[in-house]
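Each chain, written out:
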Amino acid sequence: MTGPAVANAQEATAGRPRLTLTLILTVTVASFEATATATLAPAALAEIGGRSLYALVFGLFVLAQLVALVAGGILAGTLGPLRVFVTGAALHGAGLLICATAPFAGWLLAGRVVQGIGHGLVWVCVYVIIGRYYPKARRGRLLGWLAMAWALPALAGPLIAGVVTDTVGWRWVLAPVPVVEAVALALIWPSIVSLWHDRPGAPGGLGTLPVRLAAAGLLACGVVTLMNLRHLPPAWAWPLLAASLAAVVLGGRPLLPPGALRLAPGLPAAVLLRGLAGGPWAGLAFVLPLALSEGRGLSLSAAGAALSTGIVGFAAGGLLHSTPWLGRFGRPHVAVAGTLTQVAALAVTAAGLAGPIALVYAGWALTGFGANLVMIALNATVLDLASQAEQGTASAAMALADAVMTALATAAASLALAGAAGPAVTGPARALLAGCALALLAVGAALTRRNSFG
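Residues numbered from 1 in each chain as written. Predicted model: local features only at pLDDT ≥ 70, side-chain atom pairs only at ≥ 80, totals over all residues. Heavy atoms only, no water.

Brief notes about the overall build of the protein chain
The helix and strand inventory of the protein chain stands at 18 helices and zero strands. Counting over 454 residues, the protein chain shows a buried share of 54%. Summarising the internal contacts of the protein chain: among those between residues at least 6 apart in sequence, 83% fall at separations of at least 24. As displayed, the protein chain has an accessible area near 17,800 Å², and 73% of this comes from carbon and sulfur atoms. (Helix = DSSP H or I, 4+ residues; strand = E, 2+ residues; numbered from the N terminus. Buried < 20%, exposed > 50% of the residue type's maximum accessible area, 1.4 Å probe, protein only. Contact = heavy atoms within 4.5 Å. Areas by Shrake-Rupley, 256 points an atom, 1.4 Å probe, with all protein chains shown as cover.)

Some thoughts on the nonpolar core
Counting 117 residues, the largest nonpolar core has Leu23, Phe85, Ile129, Ile130, Val223 and Leu447 as the members making the most contacts within it. For this core, the element with the most residues is helix 17 (residues 391-417), which contributes 14 residues. Val29, Leu109, Val173 and Leu174 belong to the second-largest nonpolar core, a separate cluster that totals 19 residues. (Core = buried A, V, L, I, M, F, W, Y, C linked by side-chain atoms within 4.5 Å.)

Some thoughts on the packing of aromatic side chains
Per the counting criterion, the structure on display carries three aromatic pairs. For the pair Phe104 and Trp107, a centre-to-centre distance of 6.0 Å together with 90 degrees between the ring planes defines the contact as edge-to-face. Residue class for Trp107 comes out partly exposed when judged on its relative accessible area of 37%. (Phe/Tyr/Trp six-rings, centres within 6.5 Å; stacked < 30°, edge-to-face > 60°.)

With respect to the pattern of salt bridges
What the rule picks out here adds up to four salt bridges. Among the ionic pairs, Arg112 bridges to Glu33, the shortest N-O distance being 3.3 Å. Highlighted residues: Arg112 in helix 5 (residues 105-133) and Glu33 in helix 2 (residues 16-48), separated in sequence by 79 residues. A single burial state applies to Arg112 and to Glu33, both of which are buried. (Salt bridge = Lys/Arg side-chain N within 4 Å of Asp/Glu carboxyl O.)

Remarks on empty space enclosed by the protein
Counted according to the given criterion, the structure contains two cavities of 30 Å³ or more. Lining the largest cavity are 13 residues, and of these Thr26, Ala89, His92, Val122 and Glu181 sit closest to its centre. For the lining of the largest cavity, the secondary-structure elements that each account for two or more residues are helix 2, helix 4 (81-100), helix 5 and helix 8 (177-187). Counting residues per element, the lining of the largest cavity draws most heavily on helix 2, which supplies four residues. Here the lining of the largest cavity is composed, by residue class, of eight nonpolar, four polar and one charged. Each pocket or cavity is described by its volume, and for the second largest cavity that value is around 60 Å³. (1 Å grid on protein atoms, 1.4 Å probe; cavity = no way out; pocket = protein on both sides within 12 Å on 5 of 7 lines; lining within 4 Å. Points joined across faces, edges and corners; volume = space filled by probe spheres on them. Nonpolar A, V, L, I, M, F, W, Y, C, P; charged D, E, K, R; others polar.)

A word on the packing of helix 4 against helix 5
Contact pair helix 4 / helix 5: the axes reach a minimum separation of 7 Å and the direction vectors enclose 155 degrees. With respect to each other, helix 4 and helix 5 are oriented roughly antiparallel. Regarding helix 4 and helix 5, the two cross each other, and that crossing is left-handed. When its residues are assigned to classes, the contact of helix 4 with helix 5 shows 20 nonpolar, seven polar and one charged. (Axes fitted to C-alpha atoms, helices over the stretch in contact; angles between N-to-C directions. Parallel < 35°, antiparallel > 145°, perpendicular 65-115°, else oblique. Left-handed = near helix turned anticlockwise from the far one by under 90°.)

What to know about a nonpolar patch on the surface
A cluster of nonpolar side chains, contributed by Leu152, Leu155 and Val312, occupies part of the molecular surface with about 250 Å² of accessible area. Among the secondary structure elements, Val312 is positioned in helix 14 (residues 300-321). (Patch = residues over 30% accessible without salt bridge, like charges linked within 9 Å, V, L, I, M, F, W, Y side chains within 5 Å.)

Remarks on the environment of Leu25
The topology assignment puts Leu25 in helix 2. Residues Leu25 and Glu181, spaced 156 residues apart in sequence, show a C-alpha to C-alpha distance of 7.6 Å. Ignoring anything within four residues of it in the chain, the contact list for Leu25 reads Ala184 and Leu187.

Here's the deal with helix 2
At Leu40, helix 2 shows its maximal bend, which comes to roughly 45 degrees, and the proline Pro42 appears one to four places after that position. Immediately downstream of helix 2, the backbone of Gly49 shows phi near 90 degrees, a positive value. (Bend = angle between axes of the 7 residues up to and from the residue.)

As for the side chain of Thr349
Locating Thr349 in the fold gives a position in helix 15 (residues 331-354). We classify Thr349 as buried; its relative accessible area is 0%. Looking at Thr349, its side chain comes within polar contact range of the main-chain oxygen of Ala345, at 2.8 Å. (Polar contact = N/O pair within 3.5 Å; in protein donor to acceptor, adjacent residues only side chain to side chain.)

Notes on unusual backbone geometry
Positioned with a positive phi, Leu263 is a non-glycine residue whose angle comes to about 55 degrees. Take Leu263: it is sitting in the loop between helix 11 (234-252) and helix 12 (267-283).

Digging into helix 13 (residues 287-295)
Within helix 13, seven of the nine residues are buried, which leaves the element mostly enclosed by the surrounding structure. Listed in full, the buried residues belonging to helix 13 are Val287, Leu288, Pro289, Ala291, Leu292, Ser293 and Gly295. At the C-terminal side of helix 13, Gly297 shows a positive phi close to 80 degrees.

What follows is the structure, given as structure tokens:
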């Protein structure tokens with residue numbers, strides 16, 4: 001490296017502690033806001049009207065986020081990741097303020113769109129910043145810290161949001177969050193100024209943006225439809241499922257690295273396997289409370305506690321990644337170990353739905369642990385394999401693959417459980433868990449191919 005590249009590296013090294021703290025704060029805020037919004041949404045819509053728009057509160061956010069992920073991948077390369085990161089954080093904060101001051105439902109939905117755009121831009125830039133300004137040896141540990149920063153607020157977020165909403169109102173849950181975001185940006189402002197003009201470059205540049213945004217729009221429509229199939233009668237759900245899958249494939253193919261759908265060795269395989277590995281963990285989460293409460297007669301609090309054990313396991317996986325010890329093993333080996341852990345854990349969870357309830361708690365905790373092991377290993381692998389110019393688009397593709405696979409798992413679970421009630425729920429729930437375990441076995445087989453990440 002010479003000239004500006006050396007100067008950029010020196011500036012990044014000097015500001016790295018502040019940058020690390022900012023990334024952790026940003027992820028913590030995003031996690032808290034996501035779980036808090038899910039908790040307060042019924043109260044907010046009851047106050048300002050629009051209970052029938054409940055699904056749109058989350059669907060519009062996802063749609064805007066997916067489009068922003070694609071745009072962010074290109075903009076981070078052409079304008080610089082820190083510029084796009086600041087813009088995304090400002091939009092996310094502005095969206096929260098719009099939501100917090102909403103006098104009617106349409107205002108709230110507009111705020112969710114702005115939030116989704118900001119969240120998508122920030123999330124891509126988190127990965128690009130890690131790939132751009134951190135050496136390979138430190139990326140796995142930082143990704144482990146960020147995973148813990150995402151998991152832990154999910155435990156406290158619903159409780160805090162519920163207490164604040166019940167005591168002083170739902171608006172006071174959202175309004176303070178932009179202040180934390182502003183503090184996070186202030187921490188790295190000197191680094192932002194010094195690296196403001198650092199642009200790693202992006203394949204195709206802004207010229208490819210219109211085509212990729214059109215593909216992202218088609219993909220987003222397919223994903224949002226998949227996520228809401230559970231609200232439709234089966235006569236409508238199955239035809240829409242076919243149309244949505246077609247939209248996902250047609251829209252997603254140009255947004256993935258060439259050869260991803262056939263698991264071409266290297267970056268294409270790593271990106272697609274990242275989505276395949278994380279989908280079951282997030283997409284099947286809502287199945288457990290239903291199966292335990294209706295199928296086994298547990299209270300809602302006891303049934304929901306199973307999800308908490310999964311979050312604890314997820315955080316434990318991040319903690320393990322943050323230690324130097326795990327660095328002794330190659331990332332492909334860690335990814336395979338995490339995948340096989342998920343397979344065994346899903347089998348234990350399925351057995352618990354028909355046997356001792358303790359197996360469900362233990363199994364789902366191990367599922368979260370294994371999921372985070374493989375997800376972080378593949379996150380770091382993608383950043384290692386991508387060139388400096390590819391990091392933005394590769395990060396966007398990885399996030400898109402994850403979101404799409406989560407939506408597919410959610411849609412499959414929704415359709416499998418349609419019409420099931422009472423003790424009959426446990427049958428399809430166990431079948432879903434077993435099916436995901438088999439699918440992850442296929443992922444593990446792909447991971448063990450010697451040339452998968454060559």
